[in-house]
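Per-entry structural report
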Amino acid sequence: YQSKFSGYSVYNLEPLAPLAQGSFEEFGSVRIVQMLHRTNLIAMVGGGYQSKFSGKMCRIWDAAKKQFVLEFSFDSVIKAVRMTRERLVIVLTNKICVFSFPEDPKHLQTLETRANIRGICEVCPSNSVMVYPGTWAGSLQIFDLTTAGAAVGATSTPPTINAHKTELQCVALNHSGTMAATASGKGTLIRVFDMRSRQLIIEVRRGTDTATVNCITFNRDNTYLCVSSDKGTVHIFAIRNPELNKRITVANVGYLGSQWAMSSFTLKSECSSVCVFPPHSSGAAVKNSVIALCYDGTYHKYVFTKDGNCNREAYNVFLDITQDLEI
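So, here is what we can say about the structure in this document. As a convention, each chain's residues are numbered from 1 in the sequence order in which they are written. Note on the predicted model: pLDDT of at least 70 is required for a residue's local features to be given, and 80 or more for side-chain atom pairs to be given and counted; whole-chain, interface and lining totals, by contrast, use all residues. Hydrogens and water molecules were not included; the side-chain quantities draw on all heavy atoms of the structure.

A separate point is the side chain of Thr-84. Inspection of the secondary structure puts Thr-84 in the loop between strand S8 (80-83) and strand S9 (87-91). To sort residues, take the accessible area from a 1.4 Å probe on protein chains only and compare it with the maximum for the residue type: under 20% means buried, over 50% means exposed, and anything in between is partly exposed. Overall, Thr-84 belongs to the buried group, its relative accessible area being 12%. The contacts of Thr-84, once residues within four sequence positions are left out, are Leu-36, Phe-101, Val-123, Cys-124 and Leu-145. In this text, helices come from DSSP runs of H or I with a minimum length of four residues, and strands from runs of E with a minimum of two, each type numbered from the N-terminal end. What makes two residues a contact is simply this: any of their non-hydrogen atoms within 4.5 Å.

Here it is in structure tokens:
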């Protein structure tokens, strides 16, 4: 088939509104798009049936100048791109490359990693903390991006969190970089760690069936954690007040004592999504809510309460996928 849906689009989430768009004719099919906060700089990696540039190349588009301003090429396919106001991070299967960015872009350091097919890597939006899979299965490496390129003693050992016994499936950092959340290889257990002490804060259970965890996100004040998977479900856990989470009290002894979601909702069977907690509007009555963006192009906003009630408040279609496919 020929896909007419490509290029890129930028949306405001609250309220939902289109902000910018790059056409297929100009950009071709694009596999990765990463925006530097709410600036005019957008990183792109080609991919798909009608790509105009290689999947081994990251190009930086300046939406204000309406032109590509930087280009970075590699010897293997790019798995993920992350940006801060001072660093560009390119994730490959077996290494992570760190560059100064956007001023005077230079290669600073290459970090060797275990096989990282999923491109797992997160950077903190407010400081220099970066996390990625460590040397051993289930371990999480911690790296300070400000030290990239600096001389490091031969005996220096990067801090590591032994998060799970199986491969990591998904990771997330809170806004201040003081907490990290990880999903197990089966997608059943989610663990939250203190980044300073590297100690476990809480372990919660998404479910019992194996699932692919697509997204983990903290709310701004670290009271709640949201987890979405390819099951089409979104689970909300209480982090600061774990007594709000549900617990198994009878029958299955194997899960006795496990903490289950305080609240959850189902979007669509086997439809993956990414989620975010929108900030509270100034002066408005406080409403705990989650926005979920589904891979089928739909927008969902749910409000939830501490007693577990959850209701959909808004629904929209921001991308009509069916009209963008031609057989």
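Before going further, it helps to spend a moment on the pattern of salt bridges. Salt bridge criterion: a side-chain nitrogen from Lys or Arg within 4 Å of a carboxyl oxygen from Asp or Glu. Summed over the entire model, instances satisfying the criterion amount to 10 salt bridges. Between Asp-75 and Lys-95 there is a salt bridge, and its shortest N-O distance comes to 3.9 Å. Taken as a pair, Asp-75 in the loop between strand S7 (67-73) and S8 and Lys-95 in strand S10 (residues 95-100) lie far apart in primary sequence, 20 residues in all. By relative accessible area, Asp-75 is classed as exposed at 57%. Accessibility expressed as a relative area gives 24% for Lys-95, which makes it partly exposed. As a salt-bridge pair, Lys-268 and Asp-296 come within 3.8 Å of each other at their nearest N and O atoms.

Next up on the list: the packing of aromatic side chains. Two aromatic rings from Phe, Tyr or Trp, using only the six-membered ring of Trp, form a pair when their centres are within 6.5 Å; if the ring planes differ by under 30 degrees the pair is stacked, by over 60 it is edge-to-face, and anything between is tilted. All told, the structure shown has 11 aromatic pairs when counted by the stated rule. Their ring planes at 70 degrees and their centres at 5.0 Å tell us that Trp-61 and Phe-68 sit as a pair that is edge-to-face. Given the relative accessible area of 6%, Trp-61 is considered buried. Their ring planes at 90 degrees and their centres at 5.1 Å tell us that Tyr-224 and Phe-304 sit as a pair that is edge-to-face. Remark: Phe-304 occurs in strand S28 (residues 298-304) and Tyr-224 occurs in strand S21 (residues 224-229); sequence separation between them is 80 residues. The residues Tyr-224 and Phe-304 share a single accessibility class, namely buried. Put simply, the rings of Tyr-8, Phe-27, Phe-53, Trp-61 and Phe-68 pair up and form one aromatic cluster. We call a charge positioned over a ring when the NZ of a Lys or the CZ of an Arg lies within 6 Å of the ring centre and within 35 degrees of the ring normal. A cation over a ring is seen here: Arg-59 above Phe-53, with NZ or CZ 5.2 Å from the ring centre.

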